[in-house]
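Descriptive structure summary
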Amino acid sequence: MSGWGCLPSVVGVIGFTIFMLLYLIGDANFMQTLRETNPLGEYLTPITASLFILMEGIVISLIGSYIITRIIDMNLSHV
């Protein structure tokens, strides 16, 4: 990871992923709706859906952290 800037995001993403895993396990109707409307269909389980959330959250955290770091560096170089 690109330093300590991503740590709060990763903690938040992991917490949200655990919450979504428990929610998708508990709400069978919602999980069935996701299966019917998603191209993955029968292969989508609460675990795979939670892994998608985890991967997406970490990637977005890395990209966002990198962009913000570049903007701050750019602003500091003009001072």
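Scope of this entry: the structure provided in the associated data block.

1. A few points about the overall build of the protein chain
Regarding its fold elements, the protein chain presents three helices and zero strands. Reading the protein chain from its N end, one meets helices and strands in the order α-α-α. What you see for the protein chain is a C-alpha radius of gyration of 17 Å, clearly larger than the 12 Å of a compact globule of 79 residues, by over 25%. Carbon and sulfur atoms make up 73% of the accessible area of the protein chain, which totals about 5,900 Å².

2. Observations concerning helix H1 (residues 7-26)
In an α-helix there are 3.6 residues to a turn, and that puts residues three or four apart on one side. When the terminal C-alpha atoms of H1 are compared, their 29 Å separation across 20 residues agrees well with the 28 Å that a helix rising 1.5 Å per residue should span. Where H1 is concerned, the buried positions are Val10, Val13, Thr17, Met20 and Leu24. In a view along the axis of H1, the buried residues occupy a sector of 90°, so they form one face of it. Of the residues in H1, the exposed ones pointing more than 90 degrees away from the buried face are Pro8, Val11, Leu22 and Gly26.

3. Considerations on the packing of H1 against helix H3 (residues 46-77)
Where H1 meets H3, the closest approach of the two axes is 9 Å, and the angle between their N-to-C directions is 160°. Put simply, H1 runs roughly antiparallel to H3. Both H1 and H3 take part in a crossing whose hand is right-handed. Between H1, through Ser9, Val13, Ile14, Phe16, Thr17, Met20, Leu21, Leu24 and Ile25, and H3, the contact on the second element is made entirely by Pro46, Ile47, Ala49, Ser50, Ile53, Leu54, Gly57, Ile58 and Ser61.

Definitions and limits used
Residues numbered from 1 in each chain as written. Predicted model: local features only at pLDDT ≥ 70, side-chain atom pairs only at ≥ 80, totals over all residues. Heavy atoms only, no water. Helix = DSSP H or I, 4+ residues; strand = E, 2+ residues; numbered from the N terminus. Rg over C-alpha atoms; globule rule 2.2 N^0.38 Å. Areas by Shrake-Rupley, 256 points an atom, 1.4 Å probe, with all protein chains shown as cover. Expected span 1.5 Å × (residues − 1). Buried < 20%, exposed > 50% of the residue type's maximum accessible area, 1.4 Å probe, protein only. Arc of directions from axis to C-beta. Axes fitted to C-alpha atoms, helices over the stretch in contact; angles between N-to-C directions. Parallel < 35°, antiparallel > 145°, perpendicular 65-115°, else oblique. Left-handed = near helix turned anticlockwise from the far one by under 90°. Contact = heavy atoms within 4.5 Å.

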